[in-house]
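Residues per chain are reported as follows:
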Amino acid sequence: MGSPNVGKSVIFNYLTGGRVQVSNYPGTTVEIARGKMIWGGISLEIVDTPGIYSFRPITFEEQVTRRLLWTEKPALVVHVIDAKNLERMLPLSFQILEAGLALLLTLNMMDEARRLGLSFNVPALERALGVEVILATSIRGEGLPQLREKVTAHVARL
Ligand SMILES: Nc1nc2c(ncn2[C@@H]2O[C@H](COP(=O)(O)OP(=O)(O)OP(=O)(O)O)[C@@H](O)[C@H]2O)c(=O)[nH]1
Ligand SMILES: [Mg+2]
């Protein structure tokens, strides 16, 4: 899950071999998409959600996403963030943690962030937030094998 237009569906397609629509405008995904990932002997259902700005269910997309979290209690929430807007997007991470859900934070669009001169101290961020952090440029597949490993490892520990 995450804000609109941050690359959630690109990541979903990578993990599941799915083909949900990806486009450069917010609100592309309007309904929940489900796919299967089999990796390391573990079979998982991966869910792609409509982009949301916060847990306050104002838009229909936010209502859909929030209901999914409460009713299905996912084993792990992959919060996808645009690395260029970390500060603006982090509050949703805290809301996910406050809801008692396990979180894996993915700073996507690292190609654009690097172009802006941004870099991230991942171990420091992980210590400060108490969650695992991945850097990714999902349109190039960078960081996604690592993301898949961490998702699988988390589920294997349950
Ligand atoms: N430069 C760059 N563009 C990316 C990256 N990941 C995704 N994109 C582009 O960002 C746009 C949005 O990607 P989507 O996967 O549709 O985003 P989404 O989060 O599913 O968006 P909604 O469904 O609207 O919530 C597309 O044009 C992607 O090609 C990345 O790492 N770097
Ligand atoms: Mg989408």
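Residues numbered from 1 in each chain as written. Chains lettered and ligands numbered in written order. Predicted model: local features only at pLDDT ≥ 70, side-chain atom pairs only at ≥ 80, totals over all residues. Heavy atoms only, no water.

Looking at the magnesium ion (ligand 2), the protein donor atoms are Ser 9 (OG) and Thr 29 (OG1), and they sit 2.0 to 2.2 Å from it. Placement of the pair is Ser 9 in helix 1 (residues 8–16) and Thr 29 in the loop between helix 1 and strand 1 (33–39), with a sequence separation of 20 residues. (Donors = N, O, S within 2.8 Å, 3.2 Å for Na, K, Ca; no water. Helix = DSSP H or I, 4+ residues; strand = E, 2+ residues; numbered from the N terminus.)

Our focus in this paragraph is the side chain of Arg 148. Tracing the chain through its elements places Arg 148 in helix 6 (residues 144–157). Buried charged residue Arg 148 carries no salt bridge. Nearest counter-charge: Glu 149, at 5.4 Å. Not counting chain neighbours up to four residues away, the residues in contact with Arg 148 comprise Tyr 14, Leu 15, Met 37 and Trp 39. (Buried < 20%, exposed > 50% of the residue type's maximum accessible area, 1.4 Å probe, protein only. Lys, Arg positive; Asp, Glu negative; His and termini not counted. Salt bridge = Lys/Arg side-chain N within 4 Å of Asp/Glu carboxyl O. Contact = heavy atoms within 4.5 Å.)

Right, let's talk about the packing of helix 1 against helix 6 for a bit. Packed helices, taken two at a time, are described by the angle between their axes plus the distance between the axes. Two numbers describe how helix 1 lies on helix 6: the axes approach to 11 Å, and their chain directions differ by 70 degrees. Here helix 6 runs roughly perpendicular to helix 1, going by the angle between their axes. Once helix 1 is placed against helix 6, the crossing between them reads as right-handed. Touching Ile 11, Tyr 14 and Leu 15 of helix 1 are Leu 144, Pro 145, Leu 147 and Arg 148, all from helix 6. Class assignment of the residues belonging to the contact of helix 1 with helix 6 gives a composition of six nonpolar, no polar and one charged. (Axes fitted to C-alpha atoms, helices over the stretch in contact; angles between N-to-C directions. Parallel < 35°, antiparallel > 145°, perpendicular 65-115°, else oblique. Left-handed = near helix turned anticlockwise from the far one by under 90°. Nonpolar A, V, L, I, M, F, W, Y, C, P; charged D, E, K, R; others polar.)

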